[in-house]
Amino acid sequence: MGKSQKKRQMRRHNPVRVPDSHLPQGLQAASESSSKAGQILPILQKMEGADASERKWACVAVSNIIQNDPSTRRLLQGKNVVGALITRLSDSEEEVVVEAMGALRNLCIDGGYDICAEMYNKNILTPLKTFIPKISTTLSQYLASPKQSPENAKKIVYEFSENVITTLWCLSETSNKALNAINDIQLVPFLMSFLGAKDSLPLATVISAAQCLYVLTDDNFPVTKEIRTDGAYLSCLLSLAKPEEAYNDKQKVVDNRFISLTVLAAGILRNISPIPPPSIASTVDLDRDVILPLLQPVISSISLQEVTSEVQGLLQRQATEPAIENLSLKHGPKSDHKSDIERQLEALEARLRTVQSSLEILTGACATLPDPEPDTSPDQDEDEDEDEEIEDAEAEADTADNVSMDAEVTPTETKSTPSYLQTLVLPLVSLIQPTELSFPPLSSPSPHPPTTSALSAVHISALECLNNIFLSLSVSPPEIVTKDVQSGISVWNSVWSALQLVGTQTGSGQERRQEFWDVAVGALWGMANVWKGSFEPQDEQVRVLMQLCDSSSDERVRVRCVGTLECLAQYPTAIEQNKSIATYLISLLPTATTTSRAGTEPMLQAVSALIDIYSDEGTPYDINFRQGDFVSALKASVEGVRKAIRGIDKKKEGGADLRKRGDLVRENLVDFIKYRRSLKF
């Protein structure tokens, strides 16, 4: 089944913060949709000028005019602002370099993959490499004697370091090629020095270093190996990943920045696990003793509707209050040009991002199967990895037998079973419910793109976590869970309620709505498997699943749709819905002369589904199999199924496993046809 693991095809935690997919393509369209098109030429001219103060002004101006403005960002990108800013990183004036770095950082954060890829292709790593030793030296001097440090040390340690680190973090998620180049810089000692000095540095700078490490340790063997074999690094991370670190020692109030740092430290520890002996960290049960006690309160303590209401109130105030300053060629904008409202909006976004990071980490903790053993190098024998994964899967399946969603859990149970699952489901269900700002309107951009980006990311991350919880349970559903049908129905209905609010609109700017559906159907499949035959199929839900299966271009989504329909068809008294679903599944089968319209893997899922649905001839709905002469339809598909299986490319990723599964499904199909014919109804 389709579990959601941390491992990504594209290395990016953050979606585009200020998306531009809703805009027409081309520079002309960007120019027409930008209200600041007339300011761009003077900015670019001054960036190349002889006057250092004007070059500095131009770099700061870029940050100002792209804020929440994708049209202007795209127009600047088309005018090679990235190349111009990278050139300024070698400027003779230090203040110009600092402001250029800040502008590049903001472009990375707001623009996402495309701009980061452009920066990498235009060789931004060359100047960034030269900054690392300079920052390290300045940091050491500053920490040793803050009062005797150079005058600009504070700015370099605080602002410049944060911008360099954040840019490296964004670049590392651009592609594996960029990640390998960043690995070559050997950033771990540099980044860990900030975490080790957290009490002497601003939290924003320390958090940027933690975020960069969190990304660099995600399925990245060179970095994980370096951290897990260094006792000082492990001790530092363990000390950070404690719930009490989220409190300000002086005020004893929860501070989201402290929470964010502890969450990221926990995420780094999970990324590098298992930690080998003799480290004391190897004796810690990370999921039970660190991850869950820390992250469960984080995801339970936020109300997305309250955050949305706060943002809406701030936007209303912003619309009526005068701007803090107007961009002018005569008056150079300050680096810290944010108003109080803008800072409050950023704080709310940061809180949402902390919840998103927590959900990402929990998704890995709740995965059906563990990631490939990270302790082994990529060149190690694959057969050994497979054996270890099978053993882990069997152990996890055995453990899942003891999970209860509602039962009281004794301390001894807590030590040996993933009983924490029941404490996660309700907060996750709350986090998938969309608000007014979760997705952009159909005909216009979001009133505040950063909030919309963060909210949609939280929804989808929560769905992925739900997906893994129910897929973990479905490995071997515990009786105490399967008997609690009402809890299952409640969660099932909550997911469908969220889907109804999200809607089925697609097109430019609505990509996150589609992603919500794609992930949600996986969670539905997991739930339907745990409570197979217990959810009464609703005609509208069945129709929507069929439409999604037909319209999706992703075979994995089609497989999930078929799997969910298979479970719904097994509700004992739903005779008509069973007939409708079975007829649809048969329409996905090939014949001797035609291929399946759904693709090979969804077709195999459909064959398996039909066998499962009608494996018991004593069910009330089995009358549909007999009256519809489904056995003849299955017989007509055997040769087409054989051809489809032979056409699977075993050299492609997952091809060998799919071929094995296909052979098994075909054998089952032939045996099933023989069995049904032997009944002679």
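This write-up is about the structure you can find in this document. Being a predicted model, the structure only gives us computed values, none of them experimental. (Residues numbered from 1 in each chain as written. Predicted model: local features only at pLDDT ≥ 70, side-chain atom pairs only at ≥ 80, totals over all residues. Heavy atoms only, no water.)

**Examining the pattern of salt bridges**
Pairing of side chains with opposite charge becomes possible as their charged atoms draw close.
Turning to step 1, where the next piece is worked out: For the structure shown, the criterion picks out 25 salt bridges.
Turning to step 2, where the next piece is worked out: Its salt-bridge partner being Lys56, residue Glu95 comes within 3.1 Å of it at the nearest N-O pair. Taken as a pair, Glu95 in helix H6 (residues 94-111) and Lys56 in helix H3 (residues 52-66) lie far apart in primary sequence, 39 residues in all.
Turning to step 3, where the next piece is worked out: Here Lys532 ties to Asp612 by a salt bridge, and the two come within 3.1 Å at their closest N and O atoms. With a gap of 80 residues between them, Lys532 in the loop between helix H25 (511-530) and helix H26 (539-551) and Asp612 in helix H29 (residues 600-613) connect regions that are remote in the sequence.
Turning to step 4, where the next piece is worked out: A relative accessible area of 25% means that Asp612 is categorised as partly exposed. (Salt bridge = Lys/Arg side-chain N within 4 Å of Asp/Glu carboxyl O. Helix = DSSP H or I, 4+ residues; strand = E, 2+ residues; numbered from the N terminus. Buried < 20%, exposed > 50% of the residue type's maximum accessible area, 1.4 Å probe, protein only.)

**Some remarks on unusual backbone geometry**
Turning to step 1, where the next piece is worked out: With omega at 0°, the peptide bond leading from Ser273 into Pro274 counts as cis.
Turning to step 2, where the next piece is worked out: Secondary-structure assignment places Pro274 in the loop between helix H15 (256-272) and helix H16 (286-300).
Turning to step 3, where the next piece is worked out: Even without being a glycine, Asn123 presents a positive backbone phi close to 65°.
Turning to step 4, where the next piece is worked out: Among the structural elements, Asn123 can be located in the loop between helix H7 (113-121) and helix H8 (125-144).
Turning to step 5, where the next piece is worked out: When its relative accessible area of 45% is taken as the criterion, Asn123 is described as partly exposed.
Turning to step 6, where the next piece is worked out: If you check the backbone angles, Asp219 has positive phi at about 55° while not being a glycine.

**Examining the nonpolar core**
Turning to step 1, where the next piece is worked out: Formed by 206 residues in total, the largest nonpolar core has its most connected members in Leu85, Leu168, Leu195, Ile227, Phe516, Met527 and Leu585.
Turning to step 2, where the next piece is worked out: With residues up to four places along the chain from it excluded, the contact list for Leu85 reads Met47, Cys59, Val62, Ala100, Ala103, Leu104 and Leu107. (Core = buried A, V, L, I, M, F, W, Y, C linked by side-chain atoms within 4.5 Å. Contact = heavy atoms within 4.5 Å.)

**A look at the packing of helix H17 (residues 304-320) against helix H22 (residues 449-474)**
Turning to step 1, where the next piece is worked out: Contact geometry of H17 with H22 gives a least axis separation of 12 Å together with a crossing angle of 175°. Comparing the axis directions of H17 and H22 gives the class roughly antiparallel. For the pair H17 and H22, the contacting residues are Leu304, Thr308 and Val311 in the first and Thr451, Leu455, Val458 and His459 in the second.
Turning to step 2, where the next piece is worked out: Partitioned by chemical class, the residues of the contact of H17 with H22 number four nonpolar, three polar and no charged. (Axes fitted to C-alpha atoms, helices over the stretch in contact; angles between N-to-C directions. Parallel < 35°, antiparallel > 145°, perpendicular 65-115°, else oblique. Nonpolar A, V, L, I, M, F, W, Y, C, P; charged D, E, K, R; others polar.)

**Here we look at the environment of Met119**
Turning to step 1, where the next piece is worked out: By the secondary structure assignment, Met119 is in helix H7.
Turning to step 2, where the next piece is worked out: Taking the relative accessible area as the measure of exposure, Met119 reaches 0% and is therefore buried.
Turning to step 3, where the next piece is worked out: Setting aside anything within four residues of it in sequence, one finds Met119 in contact with Val82, Ile86, Leu104, Leu107, Cys108, Ile124 and Leu171.

**What to know about the packing of aromatic side chains**
Two aromatic rings are characterised by how far apart their centres lie and by the angle between their planes.
Turning to step 1, where the next piece is worked out: One pass over the structure, following the stated rule, counts 14 aromatic pairs.
Turning to step 2, where the next piece is worked out: Aromatic side chains Tyr614 and Phe625 sit 5.1 Å apart centroid to centroid with 50° between the ring planes, which places their arrangement in the tilted category. Placement of Tyr614 in the loop between H29 and helix H30 (622-627) and of Phe625 in helix H30 is noted, with a sequence separation of eleven residues between them. Judged on exposure class, the residue Tyr614 and its partner Phe625 are both buried.
Turning to step 3, where the next piece is worked out: The interplanar angle of 75° and the centroid separation of 5.9 Å between the aromatic rings of Phe625 and Phe672 together place this pair among those described as edge-to-face. Taken as a pair, Phe625 in helix H30 and Phe672 in helix H32 (residues 655-679) lie far apart in primary sequence, 47 residues in all.
Turning to step 4, where the next piece is worked out: Its relative accessible area of 4% is what places Phe625 among the buried residues.
Turning to step 5, where the next piece is worked out: Every member of this aromatic cluster is reached through a ring pair, and the members are Phe470, Trp492, Trp496, Trp517, Trp531 and Phe535. (Phe/Tyr/Trp six-rings, centres within 6.5 Å; stacked < 30°, edge-to-face > 60°.)

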